[in-house]
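Here is what each chain is made of, one letter per residue.
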Amino acid sequence: MKLPISLCTLGLFAMIGAPAMLLEALRHGFAKTANEATDLLRALFYAIFSLGWLAAMIGLRRLYATGHGPLERLIATAPVATLPFAVAQSLMDILKVPTDTLLYMVTDLAWPLSMVLTFAVSIAALFARQLPGWHRLVPLLCGISLPVFLILRVLTGQDLPGWTFGVHTALGWFLLGYVVYVSQGKNSVSSWSPSAALEAR
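Predicted model only: the values in this text are computed from it and were never measured.

A. Just the nonpolar core, in detail. Within the largest apolar cluster, 33 residues are counted, with the highest numbers of intra-cluster contacts made by Leu10, Phe49, Trp53, Met57, Leu60, Trp173 and Leu176. For this core, the elements supplying multiple residues, two or more each, are α1 (7-17), α2 (20-27), α3 (40-62), α4 (70-94), α5 (102-128), α6 (138-143) and α8 (162-181). Sorting elements by how many residues they give to this core places α3 first, with nine residues. In this structure Leu10 touches Ile5, Ala55, Ile58, Gly59, Arg62 and Val180, once residues within four positions along its chain are discounted.

B. Quick look at the layout of surface pockets. In this structure, the largest pocket spans a volume of roughly 1,200 Å³. Secondary-structure elements contributing two or more residues to the lining of the largest pocket are α2, α3, α4, α5, α7 (145-156) and α8. Here the lining of the largest pocket is built from residues that sort into 16 nonpolar, 12 polar and seven charged.

C. Inspection of the pattern of salt bridges at higher detail. Taken as a whole and judged by the stated rule, the model has three salt bridges. A salt bridge links Glu24 to Arg27, with the nearest nitrogen and oxygen atoms 2.7 Å apart. With Glu24 and Arg27 both in helix α2 and three residues apart, the pair spans about one turn of that helix. Here Arg42 and Glu24 are joined by a salt bridge, their closest N and O atoms 3.8 Å apart. Taken together, the positions of Arg42 in helix α3 and Glu24 in helix α2 put the pair 18 residues apart, joining distant regions of the chain.

Calculation notes
- Residues numbered from 1 in each chain as written.
- Predicted model: local features only at pLDDT ≥ 70, side-chain atom pairs only at ≥ 80, totals over all residues.
- Heavy atoms only, no water.
- Core = buried A, V, L, I, M, F, W, Y, C linked by side-chain atoms within 4.5 Å.
- Buried < 20%, exposed > 50% of the residue type's maximum accessible area, 1.4 Å probe, protein only.
- Helix = DSSP H or I, 4+ residues; strand = E, 2+ residues; numbered from the N terminus.
- Contact = heavy atoms within 4.5 Å.
- 1 Å grid on protein atoms, 1.4 Å probe; cavity = no way out; pocket = protein on both sides within 12 Å on 5 of 7 lines; lining within 4 Å.
- Points joined across faces, edges and corners; volume = space filled by probe spheres on them.
- Nonpolar A, V, L, I, M, F, W, Y, C, P; charged D, E, K, R; others polar.
- Salt bridge = Lys/Arg side-chain N within 4 Å of Asp/Glu carboxyl O.

What follows is the structure, given as structure tokens:
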């Protein structure tokens, strides 16, 4: 059974989930929290953010944001394949799965890997020019998140203030959700279903 999900719904999911990491950081005064110290609320915040992120990536794929060729479709599909593992980490945190188990470590690595893949999507979308105007710059705003923070860390020798990442993800992923949300009707594919999410069109 297919349950159609419109671009509007996918974009709305992304916009709702966008501030989740910022809200979680605010709870701890933007201090770092080890995975072992994850409580139920933190796990839920991370799940909400990662689900919204997944919705946005599905939306970009539906919009052919990276282009129509096989390689371009593979680039768009990659984060859709890795983000469910990031979502699964929250489930394991809720179930108190030990952080030193192989499966937990795989889900933990899914976060930076998905960031890198989102960066690849953002570069492809920039050159594909499938999104209109400034919309094609929005994926890049999200994609540069990890590279920029790592480069600045190397150059300055210290981490950026904790609030910067939270504000950046809230703003970037909200705009990404908005781009998907307002694109309804501009793409010939009107619905998404779990069984069709990874099919190349």
